[in-house]
Amino acid sequence: MEELLKNYQTVQVQEVLNWVSVGNTVDFPENGGGCIKYKSKQVAVYYFKRTDSWYACQNLCPHKMEMVLSRGMIGDASGIPKVACPLHKKTFSLEDGGNLNGEEYRIATYPVKIEDGIVYIGFAD
Ligand code: FES
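Residues numbered from 1 in each chain as written. Predicted model: local features only at pLDDT ≥ 70, side-chain atom pairs only at ≥ 80, totals over all residues. Heavy atoms only, no water.

As annotated in an unreviewed UniProt entry, the chain carries the name Nitrite reductase small subunit NirD and comes from Algoriphagus pacificus.

(A) Expanded view of the sheet that holds strand 10 (residues 109-110). Pairing is antiparallel in the open sheet, where four strands are placed in the order 2-3-4-10. Edge positions in the sheet fall to strand 2 (32-38) and strand 10, since each of these pairs with one other strand and no more. Of the strand pairs in this sheet, strand 4 (residues 53-58) and strand 10 are connected by two bridges, and their pairing is antiparallel. Following the sheet pairing, Ala56 is matched in strand 10 by Tyr110. (Pairing = 2+ DSSP bridges. Helix = DSSP H or I, 4+ residues; strand = E, 2+ residues; numbered from the N terminus.)

(B) Highlighting the UniProt feature "domain: Rieske" (unreviewed entry) in the chain. According to UniProt, the feature "domain: Rieske" (unreviewed entry) maps to residues 20-121 in the numbering used here. Across residues 20-121 one finds 0% helix and 52% strand; the C-alpha atoms that close the span lie 5 Å apart. (UniProt positions renumbered as here; feature names shortened; annotations may be inferred.)

(C) The side chain of Asn59, seen in detail. Assignment of secondary structure puts Asn59 in the loop between strand 4 and strand 5 (60-61). Of the residues examined, Asn59 reaches a relative accessible area of 2% and is grouped as buried. (Buried < 20%, exposed > 50% of the residue type's maximum accessible area, 1.4 Å probe, protein only.)

(D) Layout of the nonpolar core. With 20 residues, the main nonpolar core has Ile36, Tyr110 and Ile121 as its most contacted residues. The set of elements that each furnish at least two residues to this core consists of strand 1 (18-24), strand 2, strand 3 (41-48), strand 4 and strand 12 (118-123). Of all hydrophobic cores here, the second largest spans 14 residues; its members include Val68, Ile74, Cys85 and Leu94. (Core = buried A, V, L, I, M, F, W, Y, C linked by side-chain atoms within 4.5 Å.)

(E) Region of interest: the layout of surface pockets. The calculated volume of the largest pocket comes to roughly 170 Å³. Forming the walls of the largest pocket are 13 residues, and the residues nearest its centre are Phe48, Arg50, Thr51, Gly75 and Asp76. Elements that contribute at least two residues to the lining of the largest pocket include exactly strand 4, strand 7 (73-77) and strand 8 (80-84). When residues of the lining of the largest pocket are assigned to their parent elements, the largest contribution, three residues, is made by strand 7. Class assignment for the residues of the lining of the largest pocket results in five nonpolar, five polar and three charged. (1 Å grid on protein atoms, 1.4 Å probe; cavity = no way out; pocket = protein on both sides within 12 Å on 5 of 7 lines; lining within 4 Å. Points joined across faces, edges and corners; volume = space filled by probe spheres on them. Nonpolar A, V, L, I, M, F, W, Y, C, P; charged D, E, K, R; others polar.)

(F) Up close: the pattern of salt bridges. This model, assessed by the stated rule, comprises six salt bridges. Measuring nitrogen to oxygen at the nearest pair gives 3.1 Å for the salt bridge that ties Glu103 to Lys90. Taken together, the positions of Glu103 in the loop between strand 9 (91-93) and strand 10 and Lys90 in the loop between strand 8 and strand 9 put the pair 13 residues apart, joining distant regions of the chain. On the basis of relative accessible area, Lys90 is assigned to the buried category, the value being 14%. (Salt bridge = Lys/Arg side-chain N within 4 Å of Asp/Glu carboxyl O.)

Set out below in structure tokens:
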């Protein structure tokens, strides 16, 4: 299980070595998530229509190691964009990956940029 988690490390925008095109903006649901694969990672990508903002994080929920976060419920916690795991509702900040229930679990987040209608996710590998 630890091995699975090691595959996911938060990438800050200044650490990006590789912007990977993952599809057109219209391929992703509004106010919902999609899942893409990069090397051995599954990454959840979300579009918040109200704020016209994009976020990406590991698809792996660290609670029971399930690949489910792209199917989670997204929303806002006092201005912090968040996703709640569809299985047991543990909730994570999409800004820094911290758990918003005050628990130890964290998720890796990745920078997203949009250029000419294409979604790019920033990776450091
Ligand atoms: S598997 Fe995600 S909260 Fe339990």
